[in-house]
Amino acid sequence: MPVPERAWYDRPSLEVAHDLLGAVLTRRTSQGTVALRLTEVEAYDGERDPGSHAFRGPTARNATMYGEPGHLYVYRHMGLHHCVNVVCGPAGTASAVLLRAGEVVGPGGAALARRRRLERGVVRSERDLARGPARLTVALALDLADDGADVTVPGGPVELAAGPGVAPSDVEAGPRVGVSGEGGRGDLYPWRLWLRDDPTVSEYRAAAPRRRGVRKQAG
DNA sequence: CCGCTGATATTCT
DNA sequence: GAATATCAGCGGG
């Protein structure tokens, strides 16, 4: 499968998100190679999207999103987890696609992905290896060191190859997961896309603000 | 099976 | 100080 060049990512993130379904992300490290067929993604539209990290403008964390398309934007979430995006649109804008889940494909990849996941937690079943954005980064061994990695380099540490294409009727869309800041109107941004009936798609969890006032130390 | 809760650190107010 | 693009463990039905 061909590795799209940079211009392929220089499009609206929702359009790129659709084309990323069925694409294969290949991760190469000294440990070995894990290839992942993407089954679930979410589009974010930069400064005009209240769900985006770039909604309030540039910061140290989101700097990569403002750069060239075709690079990874990796951030840390809730202290323990990492999530990975692919930067879209022209430099100077900040749209991106969050990679939420995939199916491990190819020889040997599942064993390596399982080993990595078991270091950090449990693996209930094969389909859970990269089911969820934080699990995906563990399976692929992606962290902040990979922020800015170029996915357009064939044979590189992170390579993204276009898939055979999926029929529009096989793609489902709905509200993004866990996103607040839309005023509870997740339906305004039905930009979570997934492959219908694919078992590796993550479970939906609505954005639910946590109970306030919980302290670790009595005061 | 389901729902709730704690962990944990970076970011922004 | 509060919120957060999450996950695993726990208890109940």
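Throughout this description, residue numbers start from 1 for each chain and increase along the sequence as written. Labels follow written order: the first chain is A, the first ligand is 1, and so on. Restriction of local features to residues with pLDDT of at least 70 applies here, the model being predicted, together with a cutoff of 80 or more for giving and counting side-chain atom pairs; totals for whole chains, interfaces and linings are based on all residues. Hydrogens are left out, water is left out, and the side-chain values use all remaining heavy atoms of the structure.

A. Broad picture of the side chain of Ser13. Position of Ser13 among the secondary structure elements: in helix H1 (residues 13–20). Between N or O atoms, a polar contact is any pair within 3.5 Å; within protein, one atom must be a potential hydrogen donor and the other a potential acceptor, and residues adjacent in sequence are included only when both atoms are from side chains. A distance of 2.9 Å separates a polar atom in the side chain of Ser13 from the backbone oxygen of Tyr44. Non-local contacts of Ser13, meaning those with residues more than four positions away in its chain, are made with Ala43, Tyr44, Asp45, Cys88, Ser95, Ala96 and Val97. Secondary structure elements follow DSSP: runs of H or I of four or more residues count as helices, runs of E of two or more count as strands, with numbering from the N terminus. Pairs of residues are marked as contacts when any of their non-hydrogen atoms sit within 4.5 Å.

B. Layout of the pattern of salt bridges. A pair is scored as a salt bridge if a Lys or Arg side-chain nitrogen falls within 4 Å of a carboxyl oxygen belonging to Asp or Glu. With the rule as written, the count across this model stands at 16 salt bridges. A salt bridge links Arg192 to Glu40, with the nearest nitrogen and oxygen atoms 2.8 Å apart. Here Arg192 is found in strand E8 (residues 192–195), whereas its partner Glu40 is found in strand E2 (residues 32–45), with 152 residues between them in sequence. Of the residues examined, Arg192 reaches a relative accessible area of 4% and is grouped as buried. Throughout, exposure labels follow a simple rule: accessible area from a 1.4 Å probe, protein chains only, divided by the maximum for the residue type, with under 20% read as buried, over 50% as exposed, and the rest as partly exposed. You can call Glu40 buried: its relative accessible area is 0%.

C. Highlighting the protein's contact with DNA strand C. Proximity is defined per residue: any heavy atom of the residue falling within 4 Å of a molecule or strand makes that residue near it. Around DNA strand C there are 23 residues in total, and His81, Asn85, Arg135, Gly178 and Ser180 lie nearest to it. Of what DNA strand C places within 4 Å of the protein, 55% of the atoms are sugar or phosphate. Within the side chain of His81, one N or O atom sits 2.7 Å away from a base oxygen of DNA strand C. Separating a phosphate oxygen of DNA strand C from a backbone N or O atom of Pro133 is a distance of 3.4 Å. For the surface near DNA strand C, the secondary structure elements donating two or more residues are strand E3 (72–77), strand E4 (81–88), strand E5 (95–105) and helix H3 (133–139). Here the element with the most residues in the surface near DNA strand C is H3; it accounts for three residues.

D. The nonpolar core, seen in detail. Working definition of a nonpolar core: buried Ala, Val, Leu, Ile, Met, Phe, Trp, Tyr and Cys residues. They are joined through side-chain atoms within 4.5 Å. Residues Leu20, Val41, Leu72, Val97, Leu99 and Leu160 are the most contacted members of the largest nonpolar core, which totals 37 residues. When residues of this core are assigned to their parent elements, the largest contribution, five residues, is made by E2. In this view, Leu99 contacts Leu20, Leu25, Leu38, Glu40, Val41, Val84, Val86, Pro133 and Leu136; residues no more than four positions away in its chain are not counted. In this structure, Tyr73, Val87, Ala94 and Ala96 belong to the second largest nonpolar core, which totals 12 residues.

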